[in-house]
Amino acid sequence: MNVLKIVVYLLISSVVVACNLNSVPAKSERKQAAYLEQSYAVFRKQQISDVSYQLHIDLDEKTTSFAGDIAINFLLAKNNNIPVTVDFDGGEILAVTLNGKSIPWKYNNWFISIAPELFVAGNNNLHINYTRPFATAGDGLHRYQDQETGNVYFYSNFEPFNAHKMFPHFDQPDIKAKYKLDVVAPQNWQVISTTRETEIVTLGDKKHWQFAQTPIMASYVFSLHAGPYTVWEDNSGNIPLRLFARQEMAQYVDSQEWFLFTQQAFSFFNNYFDYTYTFKKYDQLIVPDFNSGAMENIGAVTFNEAYISRSKKTYQQRMRTNNVISHEMAHMWFGDLVTMNWWNGLWLNESFATYMATLQQANNSEFKNDAWNTFYTDMKQWAYTADQQITTHAIELPVANTAEAFTNFDGITYGKGASVLKQLAIFVGEENFRQGVASYLKKYAYSNTRLNDFMNEVAAAAKQNLSGWSQEWLYKAGLNTIGVAYQCAGEGVNAKIKHLEILQVATVRNPVWRRQRVQLGLYNLQQDKITVTKRLSVLYQSERTRVREAEGLACPAFVYPNVDDWGYVKVELDKKSRDNLMQHIAGFDKGLRRMLWQNIWDDVDDSRLSLTDYVKFAQKNIQYETDFQQATNVLQKLQTASYYFWLITKAGQDHTTELVELEQLSLQEFNRAQAASDYQKSSFDTYTVLAHTTDALDNLRNYLINKNLPEGFVLDQDRRWAILRRLNQFQFKNYRELTTIEQQKDQSDIGQQMAIVCEVLRPDLAVKEKWLTELLKSDSPYKYATLRMVMKAMFPATQLELREQFDEQILKSLPELQARNNDRFLSVYADNLTNPHACSTTSVQRLSAIRDQYSSLNPALNKILNTNVQEEQRCIDMMQLMKTN
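The model shown is predicted, which means the values in this text are computed figures rather than measured ones. (Residues numbered from 1 in each chain as written. Predicted model: local features only at pLDDT ≥ 70, side-chain atom pairs only at ≥ 80, totals over all residues. Heavy atoms only, no water.)

Enquirer: Where do I start with the overall build of the protein in this structure?
Expert: Counting its regular elements, the protein contains 29 helices and 29 strands. Along the three orthogonal principal directions, the C-alpha set of the protein runs to about 95 × 80 × 55 Å. Burial analysis of the protein (885 residues in total) assigns 61% to the buried set. Within the protein, contacts between residues at least 6 apart in sequence are counted, and of these 70% link residues at least 24 apart. Here the protein has roughly 34400 Å² of accessible surface; of this, 48% comes from carbon and sulfur atoms. Charge separation in the protein, taken as the distance between the mean sites of 89 positive and 97 negative side-chain charges, equals 3 Å. (Helix = DSSP H or I, 4+ residues; strand = E, 2+ residues; numbered from the N terminus. Buried < 20%, exposed > 50% of the residue type's maximum accessible area, 1.4 Å probe, protein only. Contact = heavy atoms within 4.5 Å. Areas by Shrake-Rupley, 256 points an atom, 1.4 Å probe, with all protein chains shown as cover. Lys, Arg positive; Asp, Glu negative; His and termini not counted. Charge placed at Lys NZ, Arg CZ, Asp CG, Glu CD.)

Enquirer: Quick question: what am I supposed to make of the pairing of strand 25 (residues 516-526) here?
Expert: Looking along a regular strand, one sees side chains alternate from face to face of the sheet. In this sheet, strand 26 (residues 529-540) lies alongside strand 25 in antiparallel orientation, the contact comprising eleven bridges. For Leu520, the partnering residue across the bridge sits in strand 26 and is Leu536. Taking the residues between adjacent antiparallel strands as the criterion, strand 25 and strand 26 are bridged by two residues, where Gln527 takes a positive phi near 50 degrees. (Pairing = 2+ DSSP bridges.)

Enquirer: For this particular structure, what's the right way to read the state of the cysteines?
Expert: Throughout this description, disulfide means a covalent bond between two cysteine sulfur atoms. Overall, the coordinates contain two disulfides when judged by the stated rule. Sulfur-sulfur distance for the disulfide between Cys839 and Cys875 comes to 1.7 Å. Judged by the sign of its S-S torsion, about 75 degrees, the cystine formed by Cys839 and Cys875 is right-handed. Taken as a pair, Cys839 in the loop between helix 27 (823-833) and helix 28 (841-854) and Cys875 in helix 29 (residues 859-884) lie far apart in primary sequence, 36 residues in all. Neither residue differs from the other here; Cys839 and Cys875 are each classed as buried. Disulfide connectivity for the protein, with bonded cysteines indexed by sequence position, reads 1-2, 3-4. (Disulfide = S-S within 2.5 Å.)

Enquirer: Honestly, the pattern of salt bridges in this entry has me stumped. Any pointers?
Expert: Between side chains of opposite charge, pairing is possible as soon as their charged atoms come close. With the rule as written, the count across this model stands at 55 salt bridges. For Glu816, the salt bridge is made with Arg820, and the minimal N-O distance between the two is 3.0 Å. A relative accessible area of 27% means that Arg820 is categorised as partly exposed. If you follow the salt bridges from partner to partner, you end up with Lys570, Glu572, Arg578, Asp603, Asp606 and Arg608 in one network. (Salt bridge = Lys/Arg side-chain N within 4 Å of Asp/Glu carboxyl O.)

Enquirer: Mind showing me how you'd approach the packing of aromatic side chains here?
Expert: Ring pairs (aromatic) are described by centroid distance and by the angle formed between their planes. Under the counting rule described, the total for this entry stands at 67 aromatic pairs. Here the aromatic rings of Trp597 and Phe617 are separated by 5.2 Å at their centres, their planes lie at 70 degrees, and the arrangement is edge-to-face. A residue pair is termed long-range when its members are at least 10 positions apart, and Trp597 in helix 13 (residues 590-605) and Phe617 in helix 14 (residues 611-621) qualify at 20 residues. Grouping residues by exposure puts Trp597 and Phe617 together as buried. (Phe/Tyr/Trp six-rings, centres within 6.5 Å; stacked < 30°, edge-to-face > 60°.)

Enquirer: Looking at this structure, I do not really get helix 13. What am I missing?
Expert: Because the α-helix completes a turn every 3.6 residues, residues three or four places apart line up on one side. Taking 1.5 Å per residue, 16 residues should reach 22 Å; helix 13 reaches 23 Å between its end C-alpha atoms and fits that length. The distance from a side-chain oxygen at the start of helix 13 to the backbone nitrogen of Gly591 is 3.3 Å, and the residue carrying that oxygen is Asp589. Following helix 13 by one or two positions, Ser607 adopts a phi angle in the positive range, close to 60 degrees. (Expected span 1.5 Å × (residues − 1). Polar contact = N/O pair within 3.5 Å; in protein donor to acceptor, adjacent residues only side chain to side chain.)

Enquirer: So what exactly am I meant to see when it comes to the sheet that holds strand 18 (residues 282-287) here?
Expert: Two modes of strand pairing occur in sheets, parallel and antiparallel, and in both the strands are linked by backbone hydrogen bonds. With mixed pairing, the five strands of this open sheet are ordered in space as 16-17-18-20-19. What marks the edges here is a single partner per strand, and that holds for strand 16 (230-236) and strand 19 (294-295).

Enquirer: Whenever I open this one, the environment of Tyr540 confuses me. Can you help?
Expert: The residue Tyr540 is located in strand 26 in this model. The exposure class assigned to Tyr540 is buried, which follows from its relative accessible area of 1%. Taking C-alpha positions, Tyr540 is 23 Å from Ala461, a pair spaced 79 residues apart along the chain. Residues in contact with Tyr540, not counting those within four places in the same chain, are Ile482, Ile502, Gln504, Arg514, Arg515, Gln516, Val518, Thr545 and Val569.

Given below as structure tokens:
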């Protein structure tokens, strides 16, 4: 009966929570704010329906603003007595007509308000003429001018709430509409949108592009891109493919490989979803100054230029490119075809695309053997980190407004959600999961949905009630830990398992027992080789789960309860297993070895292993690591270790010896790497980051002038700048002269930005003052993409004493920056400048006070200030553990 009561409680709780998230009451009064509240969006969805837009935009390469006009056709609800608001940010309204007549309007720089008595019940046609400055921070219609050639390029970026920075409309995901676009642009330009052009007419030195009407769609995935882009063409079956890039970067684009990755993804998804791609064409654009990795605009996806390399790509770089191509394509079904009702459903869009991208790689790409291992080391670790922060949140959570939506593009939304979907597929059976997904897409195509709609289709396909599972995994935050406790009977080789349990530990802040299926591995040790003797599929769901199938099996030397990474959970090894791991890590197979290296780093994070002991372990074992992707992962951890050693040394606990040892270890790995290999590149990158002694900096300087370069190593342009950044950071020898020479040689936009970064990195008080002043200007001539690099370079771990001079100025500037209505700038500024990294109790207390004083300004700022406190305490914990050792 007690079990029955618990089950009934979980079912009821699940329904209650789901109702609370999905049944926000409508509120007809709109707040005077830059963001959109969900309660008002719920009302407007009831007020407005059957929407279509006809949008005209004029573009040229000379002006810093553009003109547009839009006709909005819609149905107005009967008996409406509430003003109609139209979202439009930061522009100027020239004229408004309604049903053919000029009308009065109000505009507060965020939205247009029109009195209800001016409308008629039923069909209305609203026409708005406007102008607006081009965006320079990446959201809205962004303008980019290449410093070297003068060419001008445009692209749009709208998620979550930025489409109204290009044109007036109802900018919320559940007011889907059809769009008809026409554009006037310079004659030699490409113009790209959701659909293909139907007509191009020459108008003097310009052309007039007419585009076919779109299917019904959400505003945040509509798009407009224009400029003298280079274009490549191919197809995937009957789907026309195009790829665009700036002329200045075209020589570095491997279009053949890009199309191959695209074709492989289409082949997999069309089959998996049992729903053929429906948007008629598929364009992909690689664009400059992009704020994120990519954006899933329907039929016109944009990608960050980081996915272009000015040298030969490594296997890992190619794999990440493959993954992001697949991720954005998965959105064509999940997010674009079927769209969340509101931004609390963002996680399902992003989690699903993240999971599907790896699933596609694992089934239909050259990366199939590494896909899930890389998912574990990259995406899942991002999730684990986010889920252990004080700012963690449930996967499905209320999002009161679009400002809060911005803060949810994080490791929970992407990494944890994808990990949980992977576990759900294992939990219900992968074919059942696939059938549920296919049914969901067919049932809700071109519609908006809530979480329950998706879960109900999976549950129906699996013939299971998933309400309890949803409650545990989707509506509760936190990362649990599992371990294994066992006893053996008998001696030596005859010893057998007498009893074995999986132990589940929940966090104090999130005390939730979760059910999931994991794979328990039992291993034997023979001559330094660890071999698996048995794998058992186990469903655990409480604090202690007895595994009867293990009883009577050979007593293991090593036990691991999450083989192949089925579960979303941390693992704490039993003492015997941990001792054998520390002695024999090279003896494990490749896939498990990656997880075990991470386990050891987890011990550092959890203050069970000191940072110095981790470095000793790495020194001993990295030289035997034959999986060079894993060796690269270790090198990245050593960069993190170096960061903390610098902080803790400046806090009074000397670790200069360890800093030298890390520098030498990275040089050792650089020298042992095979000529012209990927590992040679990654170990060089680590050596560049860790170099700080005179000998090491001299080595870098010699590499820059092509002296003493190892066999097979090519010092490409981007790595030349990496060396110069390090030389400037330590003002080493003729760093200034070398930087000037390189800046003159590399006239590209990234080259000029790197020259600025080199200056910012110099340990010079006057330099820091100059650039902090520039950051705080409301009218800085520098674009956001450059200022973002400046903020990240201002105060490296080697120069934190300089930051102390600006502490008050940095903090007092937060309200002013908040008032500028640029969440991206404020977030990067706060993330890189507000934490002094003093590693002291006094600093924790001060950061707590700062959090309390400023966190109400902005949801993203609140998240960063909370994390600052936790990260400062982590530094103290690391410091104390090393002191006791």
